[in-house]
Amino acid sequence: MSRPWTVLILLSLAVFLAYSLWLSASAVLPALTREWDLSDGGRAWMTMAVQLGFVAGALGSAFLNLPDIVSARALFAVSALGGAVVNGAIPLWVEGPAAAIPLRFLTGMFLAGVYPPGLKIMATWFVRGRGTALGILVGALTVGSALPHLLNALGAPDWRRTMWTASALSVLAAALAATVIREGPYAVASPPFQWRYAFRLWRDPALRLANFGYLGHMWELYAVWAWLPLFLLESFRITGGGDPRSGAGVAAFAAIGAGGLGCAAAGVIADRYGRTLTTVLSMTVSGACCLGAGLLFGAAPPLVWTVALAWGFAVVADSAQFSTSVTELGDPAYRGTLLTAQVAVGFLLTLVSIRLMPVLVGWVGWRYAFVAIAPGPALGCLAMWRLRARPEAVQLAGGMR
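Residues numbered from 1 in each chain as written. Predicted model: local features only at pLDDT ≥ 70, side-chain atom pairs only at ≥ 80, totals over all residues. Heavy atoms only, no water.

**Quick notes on the environment of glycine 41**
Piece 1. By the element assignment, glycine 41 lies in helix α3 (residues 40-63).
Piece 2. Each C-alpha atom, one on glycine 41 and one on valine 394, is 46 Å from the other, the two residues being 353 residues apart in sequence. (Helix = DSSP H or I, 4+ residues; strand = E, 2+ residues; numbered from the N terminus.)

**Here's the deal with the nonpolar core**
Nonpolar side chains in soluble globular proteins tend to end up buried together.
Piece 1. Core analysis: the biggest nonpolar cluster contains 108 residues, and Tyr19, Trp22, Phe54, Leu232, Trp311 and Phe347 have the highest contact counts within it.
Piece 2. Among the elements that take part in this core, helix α11 (residues 205-239) stands out by supplying 19 residues, more than any other.
Piece 3. Dropping the residues within four chain positions of it, leucine 232 is found in contact with Ala248, Ala251, Ala252, Val304 and Ala308.
Piece 4. Leu29, Leu32, Leu38 and Leu103 belong to the second-largest nonpolar core, a separate cluster that totals 16 residues. (Core = buried A, V, L, I, M, F, W, Y, C linked by side-chain atoms within 4.5 Å. Buried < 20%, exposed > 50% of the residue type's maximum accessible area, 1.4 Å probe, protein only. Contact = heavy atoms within 4.5 Å.)

**Some points on the environment of proline 117**
Piece 1. Inspection of the secondary structure puts proline 117 in helix α7 (residues 115-123).
Piece 2. In this structure proline 117 comes out as buried when scored by relative accessible area, which is 0%.
Piece 3. Sequence-wise, proline 117 and threonine 337 are 220 residues apart; in three dimensions their C-alpha atoms are separated by 9.4 Å.
Piece 4. Ignoring anything within four residues of it in the chain, the contact list for proline 117 reads Ala72, Leu75 and Ala112.

**A closer look at the packing of helix α5 (residues 72-93) against helix α9 (residues 159-179)**
Piece 1. For the pair α5 and α9, interaxial distance at closest approach is 8 Å and the crossing angle is 165°. Taken together, the axis directions place α5 and α9 in an arrangement best described as roughly antiparallel. Remark: the crossing between α5 and α9 carries left-handed chirality. Mapping the contact onto sequence places Arg73, Phe76, Ala77, Ala80, Leu81, Ala84, Asn87, Gly88, Ile90, Pro91 and Leu92 in α5 and Trp159, Arg160, Met163, Trp164, Ala166, Ser167, Ser170, Val171, Ala173, Ala174, Ala177 and Ala178 in α9.
Piece 2. Looking at the contact of α5 with α9, its residues break down into 17 nonpolar, four polar and two charged. (Axes fitted to C-alpha atoms, helices over the stretch in contact; angles between N-to-C directions. Parallel < 35°, antiparallel > 145°, perpendicular 65-115°, else oblique. Left-handed = near helix turned anticlockwise from the far one by under 90°. Nonpolar A, V, L, I, M, F, W, Y, C, P; charged D, E, K, R; others polar.)

**Some thoughts on the side chain of glutamate 392**
Piece 1. Among the structural elements, glutamate 392 can be located in the segment after α18 (375-388).
Piece 2. A polar atom in the side chain of glutamate 392 sits 3.0 Å from the side chain of arginine 390.
Piece 3. Not counting residues within four places of it along the chain, the set of residues in contact with glutamate 392 comprises Ala206 and Leu329. (Polar contact = N/O pair within 3.5 Å; in protein donor to acceptor, adjacent residues only side chain to side chain.)

**A short note on the confidence of the model for the protein**
Piece 1. Averaged over all residues, the pLDDT of the protein equals 87, while 96% of them reach at least 70.
Piece 2. Mean pLDDT values over the elements of the protein span from 74, in helix α4 (residues 66-69), up to 96, in α18. (pLDDT = per-residue confidence, 0-100.)

**A word on a nonpolar patch on the surface**
Piece 1. A cluster of nonpolar residues, Leu291, Leu295, Trp363, Val364, Tyr368 and Val371, forms a patch on the protein surface that exposes about 640 Å² of accessible area.
Piece 2. Looking at the element boundaries, leucine 291 is found in helix α13 (residues 275-292).
Piece 3. The class of leucine 291 is partly exposed, set by a relative accessible area of 48%. (Patch = residues over 30% accessible without salt bridge, like charges linked within 9 Å, V, L, I, M, F, W, Y side chains within 5 Å. Areas by Shrake-Rupley, 256 points an atom, 1.4 Å probe, with all protein chains shown as cover. Salt bridge = Lys/Arg side-chain N within 4 Å of Asp/Glu carboxyl O.)

**Let's talk about the pattern of salt bridges**
Piece 1. This model, assessed by the stated rule, comprises five salt bridges.
Piece 2. Here arginine 160 and glutamate 35 are joined by a salt bridge, their closest N and O atoms 2.7 Å apart. With arginine 160 in helix α9 and glutamate 35 in helix α2 (residues 29-36), this residue pair connects regions lying 125 residues apart in the sequence.
Piece 3. On the accessibility criterion, arginine 160 (22% relative accessible area) is partly exposed.
Piece 4. When its relative accessible area of 42% is taken as the criterion, glutamate 35 is described as partly exposed.
Piece 5. One salt bridge connects arginine 390 with glutamate 392, and the closest N-O pair in it is separated by 3.0 Å.
Piece 6. Taken together, the shared-partner salt bridges in this structure form one network comprising Asp271, Arg275 and Glu328.

**Observations regarding α11**
Piece 1. With 35 residues, α11 ought to run about 51 Å at 1.5 Å a step, and its terminal C-alpha atoms sit 50 Å apart, in line with that.
Piece 2. Of all bends in α11, the biggest is about 40°, found at tryptophan 227, and the proline proline 229 comes one to four residues later.
Piece 3. Where burial is concerned, most of α11 is hidden: 27 out of the 35 residues are buried.
Piece 4. Glycine 240 occupies a position one or two residues after α11 and carries a positive phi of about 70°. (Expected span 1.5 Å × (residues − 1). Bend = angle between axes of the 7 residues up to and from the residue.)

**A few points about the packing of aromatic side chains**
Piece 1. Taken as a whole and judged by the stated rule, the model has 17 aromatic pairs.
Piece 2. Taken together, a centroid distance of 4.1 Å and an interplanar angle of 35° make the contact between phenylalanine 54 and phenylalanine 347 tilted. Of the two residues, phenylalanine 54 is situated in helix α3 and phenylalanine 347 in helix α16 (residues 335-364); the sequence distance between them amounts to 293 residues. There is no split in this pair, since phenylalanine 54 and phenylalanine 347 are both buried.
Piece 3. Summarising the aromatic geometry, the rings of tryptophan 366 and phenylalanine 370 are spaced 6.0 Å apart at their centres and angled 35° between planes, so their arrangement reads as tilted.
Piece 4. For tryptophan 366, a relative accessible area of 10% corresponds to the buried category.
Piece 5. One aromatic cluster is present, built from ring pairs that chain together Tyr19, Trp22, Phe54, Tyr115, Tyr222, Trp225 and Phe347. (Phe/Tyr/Trp six-rings, centres within 6.5 Å; stacked < 30°, edge-to-face > 60°.)

**Examining the packing of α13 against α18**
Angle between the axes and distance between the axes are the two parameters that describe a pair of packed helices.
Piece 1. Remark: α13 packs on α18, axes separated minimally by 9 Å, with the N-to-C direction vectors making an angle of 165°. With respect to each other, α13 and α18 are oriented roughly antiparallel. The handedness of the crossing between α13 and α18 comes out as left-handed. Residue-level inspection shows Thr276, Leu277, Thr279, Val280, Met283, Thr284, Ser286 and Gly287 of α13 in contact with α18, the latter providing Pro377, Gly380, Cys381, Met384, Trp385, Leu387 and Arg388.
Piece 2. For the contact of α13 with α18, the class distribution of residues is eight nonpolar, six polar and one charged.

**Topic: α7**
Piece 1. For α7, a buried count of nine out of nine residues is recorded, marking the element as mostly surrounded by other parts of the structure.
Piece 2. For α7, the complete set of buried residues consists of Tyr115, Pro116, Pro117, Gly118, Leu119, Lys120, Ile121, Met122 and Ala123.

This is the structure we're talking about:
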């Protein structure tokens, strides 16, 4: 018989492997820019296409209640395999952004069938300690997303090798989901189809505040993940010393990967001291980094490294706690629908902040561009503090709010 922590390890490994697809193109953007002569808009769309595809896939899944009326394990496996195929097609035969961008869109669509079902599966194994478990799961996603930066920095012969490796890892994720991962004892019977349930996030006051907190978090998160690597590269070019491309790649992997530890630590803290408190503290730290990181542009690399690591640790640490809050505040029968609807709206918002960043860099430079991202975590803090004051908050973290 499966044990919760065994499933946690296997499911986290599967998510880690599948999500190497997410930033596989972003990690090799400098090489793609040279080979395909990408403009600023083209570079942004190589990242935004994944986000947009994820939104389309997540919205479709939420309205159809797919994570709740079909096997979450099967949905995970099929989606991870599909993502591997369309991502692998890019290095195989694509010669420019006209074909690459639609394929990255499809990659995002398939990944929408990995993350929310993975969250749902984990929630069926844990009631006590759910925040810790989901924190570890999102931590695995975070490190997996960062992996292409490490592969690229370690000297992959060309960008194609990095993308092929990510696709191969996602095939392994599909195999794990299909063969060894199962839903747990807290699973509930499949509910009747109700497409309107996807809007419950906005009708219920407590769920609405949790979702507003998540939106503030997402406004910042993917703008940082998408553009921090380029920020580091340009900063290291100014200071010189060594290969700035390799140094920036390792630093980007370390900064984004540090979020894996942040997610696990935040899960433990949230289960013990409360979800609202943990999310507010995390967004306070990451928001401060938004305001201060640009002032260090071109500073000594050890100082830039330190802030990047702290930022990467905090910016995603609270992510799982918004999802956990939804599982605790909403109807368990439609848990998958609520989670999928939440991430769909959140990723839709990231399209704005990701596209805004290169525009701001062109206007005010790297020193001040990230300041425009700070209102997201600030408003997220306000929403979660208001949720803490509501009576429904006693449902969070066993009454710890």
